[in-house]
Structures are given as structure tokens and as C-alpha cells.
Amino acid sequence: MNIRILTLALALILTLPLLARTRDIAQSYALESQADFIGSLEIMRELSAADPQEPFYQVRIAWLEYLLGRYERSISSYRKAIGLRDNLDARVGIINCHLALGDYRLALSATDSLLVEHRQNPQLLAKAAYAAYLLKEHSLAADYYIRLIQVYPWDMESRGYLVNNLYLAGRVDEARVEYRLLKKYYPLSGIVAQYKGVLE
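Each chain has its residues counted from 1, following the order in which its sequence is written. In keeping with the model being predicted, local features are shown solely for residues with a pLDDT of at least 70 and side-chain atom pairs are shown and tallied solely at 80 or more, while totals for entire chains, interfaces and linings include all residues. The side-chain quantities take in all heavy atoms of the structure and omit both hydrogens and water.

1. Some details on the packing of aromatic side chains
Piece 1. Aromatic rings from Phe, Tyr and Trp, with only the six-membered ring used for Trp, were paired whenever their centres fell within 6.5 Å, and each pair was classed as stacked if the ring planes differed by under 30 degrees, edge-to-face if by over 60, and tilted otherwise. Counted according to the given criterion, the structure contains five aromatic pairs.
Piece 2. With a centroid separation of 5.7 Å and 40° between ring planes, the pair formed by Y145 and Y161 is classed as tilted. One end of the pair, Y145, is in helix α9 (residues 138-151); the other, Y161, is in helix α10 (residues 156-168), with 16 residues separating them in the sequence.
Piece 3. In this scheme, a residue with accessible area under 20% of its type's maximum is buried, one over 50% is exposed, and one in between is partly exposed, where area comes from a 1.4 Å probe on protein chains only. A relative accessible area of 5% places Y145 in the buried class.
Piece 4. A residue is classified by how much of its surface remains accessible, and Y161, at 37% relative accessible area, is partly exposed. Per the convention used, a helix needs a DSSP run of H or I reaching at least four residues, while a strand needs a run of E reaching at least two, with both numbered from the N terminus.

Now the structure itself:
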């Protein structure tokens with residue numbers, strides 16, 4: 001009987017350090033919330049190595065690489081995730097990386113291709129509008145914001161961006177109409193203050 005107890009105790013002593021070293025996704029999130037992106041990433045790489053067919057781990061790795069400013073690595077991880085399971089999260093992540101890298105034309109092209117299937121996706125419409133704005137294609141940006149406003153008419157932030165892009169595109173009459181709505185529904189908007197003397 002004493003040998004049995006000693007054997008169990010020895011087994012427990014040998015396995016406790018292994019259990020203590022086992023890290024999980026909750027720890028990765030905890031480290032991310034403390035801005036320890038490298039520590040969080042290390043955990044995700046361990047989890048991915050243990051379960052290489054899990055696409056979410058690749059998406060999470062890509063996100064952490066993005067937070068670290070490693071956009072090319074992030075794109076690579078997002079592509080790995082898509083290879084395991086096609087998903088909109090990873091495709092939007094790639095668009096975000098293109099925007100961060102200043103590849104606005106690539107971001108716009110990728111967004112446009114996704115909008116064929118996801119015509120009213122507000123996140124995609126906003127990304128396309130932003131990419132067009134950064135390309136100084138203000139009329140195109142306004143058109144995306146118009147589509148977004150049609151889906152979400154009370155999104156005052158997007159309406160403000162719409163006013164700005166319409167004005168910058170020289171579509172002043174349209175800008176004035178949208179400005180009045182923005183002023184009516186959200187008079188504290190920075191766009192209202194910016195265009196007060198111009199569009200009233």
C-alpha cells in the first residue's frame with residue numbers, strides 16, 4: 001500500500017510542472033489586454049503548433065502580428081487561416097494590413113471583390129470608403145458612404161464622413177443636404193463645426 005502511495009505521489013510530482021507549463025488561450029487574451037503582444041503571440045504559436053489545423057489560431061496570430069506592426073507576417077498568417085477555412089475575418093484582416101502598409105489601391109480592390117458577395121456589409125463599405133478617401137478619390141468614397149447610410153441611416157459618424165467626401169468631391173449641393181441631416185440629428189459632430197460657415 002505504501003508503494004502505491006509513493007508511486008502516485010511521484011507521478012503527481014512529475015506531472016505538476018507539465019501542467020503548470022500548459023498555457024491556454026485565456027492567458028493569451030490576458031496578456032493582450034496588458035499590451036504584452038509578444039507574450040500573447042508566443043502562447044498562440046504554442047497552441048497552433050499543438051493544433052495546426054485550427055484556423056482561429058492563425059487568425060489570432062495574424063491579429064497579434066498586426067498589433068505589433070508586422071503587417072507582412074500578419075498577411076501571411078491570415079492567408080494560412082483562409083487556407084484552412086475561408087473566412088471574412090481573415091479577409092478583412094488582410095485589408096487592414098494593406099491600409100496600414102499604405103497599399104490603398106490593393107485594399108480597395110480586395111474590398112470591392114468582397115462587396116460582390118457581401119453587398120451591404122457595413123464594415124466592408126467603410127473600409128472601401130476609407131481606402132478611396134486615402135486615394136483622394138472623394139466622389140468614390142462618398143458613393144460608398146451613401147451605400148452605408150442606406151443600410152444604417154442613423155450612423156452619424158459615417159454621415160459625417162459622407163458630408164466631408166461629398167464636399168471634397170465638389171458635390172456641394174449633396175453635401176449641404178447631408179450636412180443638414182447631420183446637424184439635425186447630431187449637432188455635436190466635429191463635421192458640423194468644421195463646415196458650419198461653408199454649408200449653411
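2. Points about the nonpolar core
Piece 1. We call a set of buried residues a nonpolar core when its members are Ala, Val, Leu, Ile, Met, Phe, Trp, Tyr or Cys and they connect through side-chain atoms within 4.5 Å of each other. Membership of the largest hydrophobic core comes to 30 residues, with the highest contact counts inside it found for Y144 and V163.
Piece 2. Those elements that place two or more of their residues in this core are α6 (88-101), α7 (104-117), α8 (122-134), α9, α10, α11 (172-185) and α12 (190-199).
Piece 3. If we skip the residues at most four places from it in the chain, V163 touches A175, E178, Y179, L182, I191, Y195 and L199.
Piece 4. Counting nine residues, the second largest nonpolar core, distinct from the first, contains V59, A62, A81 and I82. Here a residue-residue contact requires only that any non-hydrogen atoms of the pair lie within 4.5 Å.

3. Considering the pattern of salt bridges
Piece 1. Each salt bridge in this description consists of a side-chain nitrogen of Lys or Arg and a carboxyl oxygen of Asp or Glu lying within 4 Å of one another. A complete count under the given rule lists 10 salt bridges for this structure.
Piece 2. Taking the shortest distance from any N to any O, the salt bridge between R171 and D143 comes out at 3.1 Å. Placement of R171 in the loop between α10 and α11 and of D143 in helix α9 is noted, with a sequence separation of 28 residues between them.
Piece 3. What you see here is one network of salt bridges that share partners, running through R45, E65 and R70.

4. Quick look at the environment of D86
Piece 1. Relative to the helices and strands, D86 is located in the loop between α5 (71-84) and α6.
Piece 2. Spatially, the C-alpha atoms of D86 and P55 are 8.9 Å apart, while their sequence positions differ by 31 residues.
Piece 3. Nitrogen and oxygen atoms within 3.5 Å of one another constitute a polar contact, given that in protein one can donate a hydrogen and the other can accept it, and given that sequence-neighbouring residues count only through two side-chain atoms. Looking at D86, its side chain comes within polar contact range of the side chain of R91, at 2.8 Å.

5. Some details on the environment of L114
Piece 1. For L114, the location among the structural elements is in helix α7.
Piece 2. Judged by relative accessible area, which is 13%, L114 ranks as buried.
Piece 3. Considered as a pair, L114 and L88 are 26 residues apart in the sequence and their alpha carbons are 8.6 Å apart.
Piece 4. When residues no more than four places from it in sequence are discounted, the contact partners of L114 are L88, R91, I95 and L124.

6. Quick look at unusual backbone geometry
Piece 1. The phi dihedral of A35 falls on the positive side, at around 65°, and the residue is not glycine.
Piece 2. Tracing the backbone shows A35 in the loop between α2 (25-33) and α3 (37-50).
Piece 3. Look at K136: it is not a glycine, yet its phi comes out positive at around 65°.

7. So, the confidence of the model for the protein chain
Piece 1. Taken as a whole, the protein chain shows an average pLDDT of 92; of its residues, 90% reach a score of 70 or greater.
Piece 2. Predictor confidence is given residue by residue as pLDDT, running from a minimum of 0 to a maximum of 100. Within the model, the stretch residues 16-21 combines pLDDT values under 50 with zero contacts to residues more than four positions away or in other chains.

8. Here we look at the packing of α9 against α10
Piece 1. Under this scheme, a helix contributes an axis fitted over its contacting stretch, all axes are lines through C-alpha atoms, and angles between N-to-C directions fall in the 0 to 180 degree range. It is the contact of α9 with α10, at a shortest axis distance of 8 Å, that shows an interaxial angle of 150°. Here α9 is positioned roughly antiparallel relative to α10, judged by the angle of their axes. In this structure, α9 crosses over α10, and the sense of that crossing is left-handed. Within the contact between the two elements, α9 uses H138, A141, A142, Y145, I146, L148 and I149 and α10 uses S158, R159, Y161, L162, N165, L166 and L168.
Piece 2. Split into classes, the residues belonging to the contact of α9 with α10 amount to 10 nonpolar, three polar and one charged. Should an angle fall under 35 degrees it is called roughly parallel, over 145 degrees roughly antiparallel, and 65 to 115 degrees roughly perpendicular, with every other angle called oblique. Left-handed is the label given to a crossing in which the near helix is rotated counterclockwise from the far helix by less than a right angle, and right-handed is the label when the rotation is clockwise. Nonpolar residues are Ala, Val, Leu, Ile, Met, Phe, Trp, Tyr, Cys and Pro. Charged residues are Asp, Glu, Lys and Arg, and all others, Gly as well, are polar.

9. Some words on the packing of α10 against α11
Piece 1. Two elements in contact, α10 and α11, have axes separated by 8 Å at closest approach and are oriented at 155°. As summarised for this structure, α10 and α11 are arranged roughly antiparallel, according to the angle between their axes. α10 and α11 meet at a crossing whose hand is left-handed. For the pair formed by α10 and α11, the contact residues are M156, R159, G160, L162, V163, L166 and Y167 on the first element and V172, E174, A175, E178, Y179, L181, L182 and Y185 on the second.
Piece 2. Grouping the constituent residues of the contact of α10 with α11 by class yields 11 nonpolar, one polar and three charged.

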